[in-house]
There are 2 protein chains.
Amino acid sequence: MSDAAAPAPLSDDEVRALDAHWRAANYLAVGQIYLLGNPLLTEPLRPEHVKPRLLGHWGTSPGLNLVHTHLNRVIRARDLDAMCVWGPGHGGPAVLANSWIEGSYTETYPDITRDAEGMGKLFKQFSFPGGVPSHVAPETPGSIHEGGELGYALSHAYGAAFDNPGLVVACVIGDGEAETGPLAASWHANKFLDPVHDGAVLPILHLNGYKIANPTVLARLSEDELDELLRGYGHDPVHVSGDDPLQVHQAMAAALDTALDRIAAFQHAARDGRDAGLPTEATEPGGADARETGGAGRRPRWPVIVLRTPKGWTGPATVDGLPVGGTWRSHQVPLSEVRTNPVHLRQLDEWLRSYRPQELFDAQGRPREQVLAYVPHGDRRLGSNPHTNGGLLLRELPVPDLDKYAAPVDRPGTTMHEPTHVLGELLEQVMADTAERRDFRLVGPDETASNRLQAVYGATGKAWQAKTLPVDENLDPHGRVMEILSEHTCQGWLEGYLLTGRHGLFSCYEAFVHIVDSMVNQHIKWLRTTRRLPWRRPLASLNYLLTSHVWRQDHNGFSHQDPGFIDHILNKAPEVVRVYLPPDVNTLLSVADHALRSRDYVNVIVAGKQPCFDWLDMDAARAHCARGAGIWDWAGTEDGQHEPDVVLACAGDVPTLEVMAAAQLVRRHLPQLAVRVVNVVDLARLLPKEEHPHGMSDAEYDALFTPDKPVIFAYHGYPWLIHRLAYRRRGHANLHVRGYKEIGTTTTPFDMVVRNDLDRYRLVMDVIDRVPGLSVTAAPVRQLMEDARLRHHDWIRINGTDLPEVAEWTWER
Amino acid sequence: MSDAAAPAPLSDDEVRALDAHWRAANYLAVGQIYLLGNPLLTEPLRPEHVKPRLLGHWGTSPGLNLVHTHLNRVIRARDLDAMCVWGPGHGGPAVLANSWIEGSYTETYPDITRDAEGMGKLFKQFSFPGGVPSHVAPETPGSIHEGGELGYALSHAYGAAFDNPGLVVACVIGDGEAETGPLAASWHANKFLDPVHDGAVLPILHLNGYKIANPTVLARLSEDELDELLRGYGHDPVHVSGDDPLQVHQAMAAALDTALDRIAAFQHAARDGRDAGLPTEATEPGGADARETGGAGRRPRWPVIVLRTPKGWTGPATVDGLPVGGTWRSHQVPLSEVRTNPVHLRQLDEWLRSYRPQELFDAQGRPREQVLAYVPHGDRRLGSNPHTNGGLLLRELPVPDLDKYAAPVDRPGTTMHEPTHVLGELLEQVMADTAERRDFRLVGPDETASNRLQAVYGATGKAWQAKTLPVDENLDPHGRVMEILSEHTCQGWLEGYLLTGRHGLFSCYEAFVHIVDSMVNQHIKWLRTTRRLPWRRPLASLNYLLTSHVWRQDHNGFSHQDPGFIDHILNKAPEVVRVYLPPDVNTLLSVADHALRSRDYVNVIVAGKQPCFDWLDMDAARAHCARGAGIWDWAGTEDGQHEPDVVLACAGDVPTLEVMAAAQLVRRHLPQLAVRVVNVVDLARLLPKEEHPHGMSDAEYDALFTPDKPVIFAYHGYPWLIHRLAYRRRGHANLHVRGYKEIGTTTTPFDMVVRNDLDRYRLVMDVIDRVPGLSVTAAPVRQLMEDARLRHHDWIRINGTDLPEVAEWTWER
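Residues numbered from 1 in each chain as written. Chains lettered and ligands numbered in written order. Predicted model: local features only at pLDDT ≥ 70, side-chain atom pairs only at ≥ 80, totals over all residues.

### Describing the domain arrangement of chain A
It is common to give the size of an interface as the accessible area that goes away when the parts come together.
Here's step 1: Domain assignment breaks chain A into domain 1 (12-281 + 301-376), domain 2 (416-612) and domain 3 (629-807).
Here's step 2: Computed over C-alpha atoms only, the centres of domain 1 of chain A and domain 3 of chain A are separated by 57 Å. (Domains from an automatic or database assignment.)

This is the structure:
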C-alpha cells in the first residue's frame, strides 16, 4: 500500500487551485445534464431552466474530472506528452467540461465560446437533438475511445503507446469495465510493451463501487486480494482512497508523481541498458538461466493507480429518502422530474451552487485564473494532443513494388502459390522499410506462421517481454509482430495504434474474427462519424486478412467454419466497409496494396493460405482488382458477338477453382454452350451504386451478368448474402447461388465443397438444370456428373483423400 | 507452493496401474492421429498402415490423458459425482481414448467395440471423412464443451456446477485459452458460486508452455507472480510439475486429494454453517463491519491445480534435428509425411511401441485389468455422467398461466404497459415455483433492473458471495439471478447450465449481444449436431430477451444502436434458430411462454422495456403468435371482398406503432384507399417453407402480402434482411422496406424513427409514392406529411422533446 505514509506534496494554494478546477468541471458536468438556461445561476433556478428530458451519466463524472484535473498538473509540471483513454466514457459530460475549460473545445468548435453564451450552448447541446452524444465520442476533442461498449480501454491505450516512446497514455478503467473479458485479458499487455521503443501506459483503476444496479466485483475484494490480482497482472499498485476532496487531491498528486517517477526510471534504465532498481516481475526461484533475451532486462512492474472515490461524489447524498451518493443510484441522473418536482428542483439548485460557481467563472462566464492555473498549453492539453487525432501524424506507408513479389503466370491454372505466404514476403519488406519509423504492426492471435506470413520474421520478431527459453524462435523485445491468444486484445491494440496515426494488419482465422464483431462495430461507427468531422484527419484503414477460412479447416472442422463476418461487415456504413475475395496470389497482392494505402476504411480480405492456382499475371490482376469484378473471357466460351447461354460467376478462391473446373467440364461435355466466367473480387460491386460507393450501375451489372441469362454463382460464404446484395437487379430471378450451407466437419477439401453443393460437378448440373432446353439433351452429361459425385463418395470413405481427378486437376485450354 | 513436501500418496502398484492407464490412453491418442491399420502393432509398421492425411492435435493430449487418469482414481476412491470440461478440446484423441477405455464409447456407439476391431475403427474414424471430428464435440460421450473456439471452458464449468450441489466439475484450462478475454473474466465466477446450493468447480490450469507457435504468457510468469494472479482471482493454487511420469503421478494424486479435501471441507462448513478453518478471501484491514450477508460466511479460497507438464510429453523429442517434445512443434502432428519418409515411419513405430501396447491390451485388443483398475463404473464414468447429457435430467419448466399476467385490452392502442416489466412478473412466478427445484436462472450483464425485470427479486435475489454493504439491495448468497458485467460470462454460465439439463433466460441490451456472436455460433453448432445424435436428449432452449433496443437508446446513442444480432442468428442452422418480435405486452408473454417451454432452439426475442401500446388481448395474442404473422383486420380498411390497394406490414414494437399511426393517417386523409395491416412476430415465417421449419408456403405468403400490391414494410432492424428473407416471393418486386439505416445518436424516440425514415409520415408518403395513380391526387396529403416532418424538425431542435401530436397519440377507430 503506497499511500500508507499519506504524503502531501501540494501546497495549500495548489490544493485550492486544483480543487477549483475540479469543482468547475463538476459544475459543468451537472450543467450539461440538467440546464437549458441560466447557465451561471445568475438567477434562482426555475423549472424552465431545466431540460425537459434528463439524460446522461453523472456517477462516473466526478472521478473522471478528478483524474483530468490531476493529469493537467503533472503534464504542466513535467512538460509531459500525455493523452488519456477514458474507459468510463459514458461520463461524457466530464470530458466535455474539461475540454471546454482548457479551451480545446472552443478551438475545435468556435461556436461554443469560452464564456456564458458558450457555456449555455455547451449545456443545451449535450444529449439534445441535433447536439452532441452523451458519451465521449469522435466529436469529443482529445478522445480516441468511445466509452459505451465497455472492455477496450486498456488495449486501446497500449495500442496508442506502442512505438510512441515519448508518450504517456493514462487509461481510466471503471470497475464495471474491469469485469469484462476483453479488459481482463488486456492487463497482460504489459508483457508486450517495450520500454525502449514504446511509450508508457498508466492504468488508473477507478473503483467507485457500483455498476448500473450492482456493486462491482473488484470493489468488493479486500485490498490485499486486489493487490495480489494487480501484482499477478504484473503491476505495482499505488492506492488513492477517500471522499474528502482535500485529502484526495494530496493523495492523487502523490500517486501520480510516484507512478510517473517510476515510469521515467524504468524507461531511462531500459534505454540506457541499466537496472532501474525498481520493482520488477516476481523473481523466479532458480530461474535465472531462463532469461536469454538480449536487451530487455527484467520486465518492469509498471505502476497502476487504484482510485477509490464514491460514485456520484459531490452529488445529492439522498433523494426522496433513499441513499444516492456513493451508490448505484447515482449512475445516470440522480434527480429526476426536476421540472415538476419542486423538492428536486431545490436540491438541484443547491447541488449546483455547492460548487460556488461565482468563484469559478467570472461575470462573463469565463473560467477564472485559479481554475486555469494548472491547465497545460497548446498541444499539451489533453483535448488537443495530436496523437488523439492520429491523421495529423499519419505518414504514407511505403508499400513496395508488387512486381517484385508477383507470381509469373504464363498460362492460367498451371502453377500454384500459397497466396498468404507471398503476401508475407511483401509484408517483410514493409516491416524492413519501417524499421526506423516504426509505424507498422502486424497483429494476430498466435497465427502469423499458421497463416503463412512467417516471412515477416526476416525483418522483425514477435514482441515479447516475458521470460524466454533457448528453444524459442523469433521472440524479440523490440519486435513489431504482436501475438496473443486474444482476438479482443489484438483488435484493441490495432485500433489504438491506427487511431494514433499508424498502420497495421490483423491476420485472423476467418471463423474466429466473429469474436470481435462488436469491437469492429464500434470502430466502424467511429470512422463513420469522423468522416463527417472536418477537423478529424483521415486514418489508415483497419485491415483484416481472414485466412484459414471455412473451406480449409482440415485439422479443426465444424467449429472453425464460419464465413459470416462478411455479412456482419456489410450491414455497416457503406462509406467505411470494403470486402475483397482475391482468387489467387497476384490478386491478393493487388488488394493488399490497395488496402494498406487506403484511409478510413475497414477492409476485409478473405484469402486462403493453401496452395492455390495462379490465374492472373500481375498486370491482369491489377486491372481486375481495379474493376472489382470482371469477365474472364479466356476462361469462357463466348463468341464475343452474342450473349452467352449461361454465366458462371465466382467470388473467393475455392469457388473460383470449382467454377474453373466446371467451365472446363462444360467445354468438354457441352461444347455447344456459350459460357461466360465472371469473377468478383470486390463484393460491394454487386450492390446498386446508390447503396455503396463501389456499387455498379444496372447497366454495368447487366453487361457482366446479362439481364436474363441464368447465372450460377459460386460464392465463398452464405449464399443468401449474394441475393441480399443483388435483389434489385433485373436478372435477379435468374440468379442461382451456391455457397456454405453450414455443413461442415473435419474432412477433405473437396468433400467440403461436395457437402455444400459447391463442387464442380454440381455446378455443371446446375447449368444443365437452368439453361432452357438442356435438360433432355444434356441428360447423359448430368449423369456423368452424378457418377463423378458417387465416385467421390465411395473413394473418400475408403481412402480418406480426394479423388485423383480432383487432386491432380489443372486448367487446360 | 503446496507440493513442496513432495507427498507420495500412491503405492507402487497404484502408480503402475495409473501409469498403465495413462500409457494406454496415450497410445490410443497417437493411434487415432496416425493409424489406418495394424492397430495393435502386431506387425512391423508399414506405410500403408498410416493414414494418408495426418490431422489432429497431439500436443495437449498427454496432459488431458493424465488428468483423466487421475480423475478416474478420485472418482472411484470417493464415489464422486464428477464431470470434466476439457478446455483444450482440440485434443479430441485424448478424450475419445479414455471414453473407449472405460467402455462409455462402445455403449454409445456399439459398432466401435472394445477390442482390436473396434480399436481399428476408432483409429480410422478419427478426423476421417464420414468419421468423427478431431475435437471434443457433441459426438464425444461425456462432453458439454467443444474445445475449438477457446475461452469458455471455465464459465461452462460454473454453469454446470450451479444448482448441482453434489457435483464436482473439473475444468482443464489450457495456457493458450487462459490468454483469452472470456476465460480471464470467468475466473471471478467464484464470487457467484454458492457453497450451499452449488457444486464445486476445480480448475486445472495446464501450463504446457506453448500455443500454436508461441510460448504462453502464464507459463512465462514466475511461479510467485502466477500465484499472486491466482490468489487475486480468489483461488488457492496447488502445484504439480514435472516430466518424470512416476513423480508426476504421485504429485497429481496428492494435488487432487488436497483439492477435493478442501472442497469437501468448504462445502461441509457452508452447509453446516461452520467455519472450515481453511484459506478464505484475503482479510480486509478494518473491514469486518462490511460483511452483512447472512449465511454466506467468508468466501472460500477454492483450490486451483496448476499442472506443468511438457507439450507433447512422451512424443518424439526431436524430429529432423529440431526439438519437438516440450515445444510448440508438438501442437498438431509431430511427425509428418510418415508414409513417404522412412525415418519418420521408424520414429512413429518406436513412439507407439514406447507405450508397450502388449502390456496394455490383450491379444484381442481389450484393455487389460491393470489398465482398468481405476476406471469408475456406470454413471460415474466421465464419459457416462448424465449431467453431460443434460436432456436426461431435464424437467418441464413450470410456466404459469399467462392470463394472470395478461393486460386487459378493451380497445387496441389506448392503454400502455412496459412489456418486459410484465414479463418480469411472470418470471418472478417461475422463480418462485422453482425455488426448491432450483433449475431456472436468469442471467444478464448488470441489466436485470435496467431491462425492467426487477419483479423477479420478489422471489429470489442476485447471486453474490463477495462482500456486501448495508446499502446493497437484492444481493443474496443463494440467489438465482446472475449479474456480472461480462456478456461472455453470462453466456457461458447459461450454456453450461442448459447443457446440464436446466432452464434459463439471458436478458441483454440488443446492441451488446454481438459480444457473444461467436459464442452463440458454437452453441448453435452444438445443438445442430446433437439433434442428429439420438442418444443426446433434447435440451431447454437458449433464450435471449433483447431489450433496451436500437430505437430507445435515449441515454446512450449511436454506440448502443445495433439490431444486427438477428441477421447473425438467421445465418445459422434453420432447425435451431428462431427470432420473435412481439409488438406488445401480451404477444411478449405468449412468445416467452413458447420459448421457455421449447427444446433445442436458440430463441431470440426482441422487445422494448418502455411503455408500449397494448394492441391484442391475450387470446388474440396467443392466436397471432401461433400463426407468427397475420392480418390485423381491425387496423386496416379492407372490405373483405377485394384485395387491398396497399399492405402496411410491420415487425417490432416501434415499427408497429409507426405503422398503426400511419394506417390512421391514411384512413383520415386517404379514405378511398383499402389498406391492409400485417404484423409479423416470427421473422422466419417470411422464409420459404423449404428453408426454415417456420417458413410459409408461397400461397400463404401471397394470402398475407398479396402477389402484386405494394407492401410498405416497417421493420425493426436492417431493412435488407427482409429482402434476404423474402426475395423468392412473387410480390418481392413490390416490397419496400424501411428500417434502421445505421443513423443514430442521443435523441428523442420519434426523432430516431424520423432520421431512419421509419416514421408514420414517411410511411404515408411511401404509400402515396407506391400505390399506382396516387401521386397526383394525393399530392396535398403528401405535402401534409412533409409539413409534419418539418414541424418535427423545428420543434425538436428548440424543445428537445417529441411533437405533442406524436407524444400524445393514441389509436382511434
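Here the narrative resumes.
### Observations concerning the relation of the copies chain B and chain A
Here's step 1: Expressed as a screw operation, the relation of chain B to chain A combines 0.0 Å of axial shift with a rotation of 180°, fitting to an RMSD of 0.0 Å. Expressed as a symmetry operation, the mapping of one chain copy onto the other fits a two-fold axis. Among all C-alpha atoms of chain B, that of Gly 181 of chain B lies closest to the rotation axis, at 1.9 Å.
Here's step 2: Both copies present the same face, since 100% of the interface residues in chain B are matched by interface residues at the equivalent positions in chain A. (Least-squares fit on C-alpha atoms with pLDDT ≥ 70 in both. Contact = placed C-beta atoms within 7 Å.)

### A few points about the environment of Val 443 of chain A
Here's step 1: Within the element layout of this structure, Val 443 of chain A appears in strand β9 (residues 440-444).
Here's step 2: Sequence separation of Val 443 of chain A and Ser 518 of chain A is 75 residues, and the distance between their C-alpha atoms is 18 Å. (Helix = DSSP H or I, 4+ residues; strand = E, 2+ residues; numbered from the N terminus.)

### Here we look at the nonpolar core
Here's step 1: Counting 537 residues, the largest nonpolar core has Val 169, Cys 171 and Leu 648 of chain A together with Val 169, Cys 171 and Leu 648 of chain B as the members making the most contacts within it.
Here's step 2: Filtering out sequence-adjacent residues up to four positions away, Leu 648 of chain A remains in contact with Val 659, Ala 662, Ala 663, Val 675, Val 677, Ile 712 and Leu 763 of chain A. (Core = buried A, V, L, I, M, F, W, Y, C linked by C-beta atoms within 7 Å. Buried ≥ 20, exposed ≤ 12 C-beta atoms within 10 Å, placed from the backbone.)

### Re the sheet that holds strand β22 (residues 735-738) of chain A
Residues and elements named next belong to chain A.
Here's step 1: Reading across from one edge, β18-β20-β19-β21-β22 is the order of the five strands in this open sheet, with mixed pairing throughout. Looking at the sheet topology across the chains shown, the edges are occupied by β18 (629-631) and β22. Shown here is a sheet whose adjacent strand axes are inclined to one another by a mean of 20°, direction ignored.
Here's step 2: Bridge count between strand β19 (residues 646-651) and strand β21 (residues 711-715): five bridges; the pairing is parallel. Bridge pairing in β21 places Ala 649 opposite Phe 713.
Here's step 3: Contacts from helix α19 (residues 653-669) reach β19, β20 (675-680) and β21, with the element oriented near 155° to β19. (Pairing = 2+ DSSP bridges. Axes fitted to C-alpha atoms, helices over the stretch in contact; angles between N-to-C directions.)

### With respect to the packing of helix α1 (residues 12-34) of chain B against helix α2 (residues 61-78) of chain B
Residues and elements named next belong to chain B.
Here's step 1: Between α1 and α2, the least distance of the axes is 9 Å, while the angle of their chain directions is 140°. The angle between α1 and α2 places the two elements in the oblique class. As α1 packs across α2, the resulting crossing turns out to be right-handed. Residues Leu 18, His 21, Trp 22, Ala 25, Asn 26 and Ala 29 of α1 lie in contact with α2, whose contacting residues are Ser 61, Pro 62, Asn 65, Leu 66, His 68, Thr 69, His 70, Asn 72 and Arg 73.
Here's step 2: Broken down by class, the residue content of the contact of α1 with α2 amounts to six nonpolar, eight polar and one charged. (Parallel < 35°, antiparallel > 145°, perpendicular 65-115°, else oblique. Left-handed = near helix turned anticlockwise from the far one by under 90°. Nonpolar A, V, L, I, M, F, W, Y, C, P; charged D, E, K, R; others polar.)

### With respect to the packing of α1 of chain B against helix α9 (residues 245-272) of chain B
Residue and element names in this part refer to chain B.
Here's step 1: Two elements in contact, α1 and α9, have axes separated by 10 Å at closest approach and are oriented at 105°. Our classification of the angle between α1 and α9 gives roughly perpendicular. On α9, the residues touching Val 15, Leu 18 and Asp 19 of α1 are Pro 245, Leu 246, His 249 and Gln 250.

### Details of unusual backbone geometry
Residue and element names in this part refer to chain A.
Here's step 1: Phi at Ser 127 is positive, roughly 55°, even though this residue is not glycine.
Here's step 2: By secondary structure assignment, the location of Ser 127 is in the loop between α5 (116-125) and α6 (153-161).
Here's step 3: For Thr 706, which is not a glycine, the phi torsion comes out positive at approximately 70°.
Here's step 4: Counting through the fold element by element, Thr 706 comes out in the loop between α20 (698-705) and β21.
Here's step 5: With 20 C-beta atoms counted inside 10 Å, the residue Thr 706 sits in the buried group.

### As for the pairing of strand β4 (residues 235-241) of chain A
When a strand is regular, its side chains alternate between the sheet's two faces.
Residues and elements named next belong to chain A.
Here's step 1: By the criterion of burial, β4 is predominantly enclosed, with five of the seven residues buried.
Here's step 2: As paired elements, β4 and strand β5 (residues 302-308) share seven bridges and run parallel to each other. When the bridges of β5 are listed, His 239 appears paired with Val 306.

### A short note on the sheet that holds strand β3 (residues 200-207) of chain B
All names here are of chain B.
Here's step 1: The five strands lie next to each other as β1-β2-β3-β5-β4, forming an open sheet whose pairing is parallel. Only two strands of the sheet have a single partner each, and these edge strands are β1 (81-86) and β4 (235-241). Averaged over all pairs of adjacent strands, the angle between their axes in this sheet comes to 20°, without regard to strand direction.
Here's step 2: Of the strands in this sheet, β1, β2 (167-174), β3 and β5 (302-308) touch α2, which is tilted by about 170° from β1.
Here's step 3: Helix-sheet contacts for helix α8 (residues 223-232) involve β4 and β5, and the interaxial angle to β4 is about 140°.

### Brief notes about helix α2 (residues 61-78) of chain A
Residue and element names in this part refer to chain A.
Here's step 1: The terminal C-alpha atoms of α2 lie 26 Å apart, and with 18 residues this matches the ideal 26 Å at 1.5 Å per residue to within 8%.
Here's step 2: Here α2 lies mainly inside the structure; 15 of its 18 residues are buried.
Here's step 3: At the exit of α2 stands Asp 79, carrying a positive phi of roughly 45°. (Expected span 1.5 Å × (residues − 1).)

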